[in-house]
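Structural characterization, general
Chain by chain, the residues run as shown.
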Amino acid sequence: MGFWRPEPTDGENVTTDNRRALVWSDDFLVGVPEIDEQHRRLLELLAEFYEKLAEAEHGSEALGALVCGLLDYTRYHFTTEERLMRQSGFPESVQHREQHASFVARAADMADRFTRGRLVLSLEATGFLRDWLFNHILVTDKALGRHILSREAAQ
Ligand SMILES: [Fe+2]
Ligand SMILES: [Fe+2]
C-alpha cells in the first residue's frame, strides 16, 4: 500500500513533518504485539484515507466508505485495548476509556455530517484524526503497554 504523500496545496496546512508522520515508525511500538499490530493497521487505514482525500472529489462515496471503515476498525481496536485493561487490572483505565469514547464521538459526528452532506472533508477537517491518534498512542497507549509488560514480567 502507498503512504500519504500529497503535494502541499494552498490553503491546506500540510507540512513535511505531518506527511512523514503517517509512515509507521518503531517509535509507535508499545511492546504488546496485539496492540502494535492493530496500530500498524490503523495507520495504514489512515494513510489510505488521507491519500484518497488528497485525490478524491469531495463528497465521493469511496471517501465515505473509508471514513466508515476507519471508524469501525478504531472501535474494534479500542475494544481490544479495553479488554486488555480489564485483564491486566490497569489502574488508569477510566481516563483511558474516556479518551477512546470522546474520540469515537467526535469521529462519528464527523462521519455522520459528511454522509449527510453537511461537511466537506478536507485535510484541515480531518487533521485531528491523525494528531489525536499519534498523541494517544505515544502517551496513553504506551502507558498501558508498560503496565501490561510489567505484569507479565512479574508473573
Ligand atoms: Fe491504541
Ligand atoms: Fe488507547
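Residues numbered from 1 in each chain as written. Chains lettered and ligands numbered in written order. Predicted model: local features only at pLDDT ≥ 70, side-chain atom pairs only at ≥ 80, totals over all residues.

**Here we look at the nonpolar core**
Of all hydrophobic cores here, the largest spans 16 residues; its most connected members are Leu22, Leu46, Ala47, Phe49, Tyr50, Val67 and Leu70. The element contributing the most residues to this core is helix 2 (residues 33-55), with 6 residues. (Core = buried A, V, L, I, M, F, W, Y, C linked by C-beta atoms within 7 Å. Buried ≥ 20, exposed ≤ 12 C-beta atoms within 10 Å, placed from the backbone. Helix = DSSP H or I, 4+ residues; strand = E, 2+ residues; numbered from the N terminus.)

**Considerations on the packing of helix 2 against helix 3 (residues 61-88)**
Axis separation between helix 2 and helix 3 bottoms out at 10 Å; the angle between their running directions is 165 degrees. Considering the angle they form, helix 2 stands roughly antiparallel to helix 3. The handedness of the crossing between helix 2 and helix 3 is left-handed. Taken together, the residues of helix 3 that come into contact with helix 2 (itself represented by Glu34, Ile35, Gln38, Arg41, Leu42, Leu45, Leu46, Glu48, Phe49, Lys52 and Leu53) are Ala62, Leu63, Leu66, Val67, Gly69, Leu70, Tyr73, Thr74, His77, Thr80 and Glu81. For the contact of helix 2 with helix 3, the residue count by class is 12 nonpolar, 5 polar and 5 charged. (Axes fitted to C-alpha atoms, helices over the stretch in contact; angles between N-to-C directions. Parallel < 35°, antiparallel > 145°, perpendicular 65-115°, else oblique. Left-handed = near helix turned anticlockwise from the far one by under 90°. Contact = placed C-beta atoms within 7 Å. Nonpolar A, V, L, I, M, F, W, Y, C, P; charged D, E, K, R; others polar.)

**Re helix 2**
The first and last C-alpha atoms of helix 2 sit 33 Å apart over 23 residues, in line with the 33 Å expected at 1.5 Å per residue. Within the sequence span of helix 2, burial applies to Ile35, His39, Leu43, Leu46, Ala47, Phe49, Tyr50 and Leu53. Check the buried side of helix 2 and you find it contacts helix 3 and helix 5 (123-154). (Expected span 1.5 Å × (residues − 1).)

**Remarks on the packing of helix 4 (residues 93-115) against helix 5**
In the contact formed by helix 4 and helix 5, the axes pass within 11 Å of each other and the chain directions differ by 165 degrees. On the basis of their axis angle, the class for helix 4 and helix 5 is roughly antiparallel. The handedness of the crossing between helix 4 and helix 5 comes out as left-handed. Packed against helix 4, whose contacting residues are His96, Gln99, Phe103 and Ala107, the element helix 5 presents Leu129, Trp132, His136, Thr140 and Leu144 at the interface. Of the residues assigned to the contact of helix 4 with helix 5, the class counts are 5 nonpolar, 4 polar and no charged.

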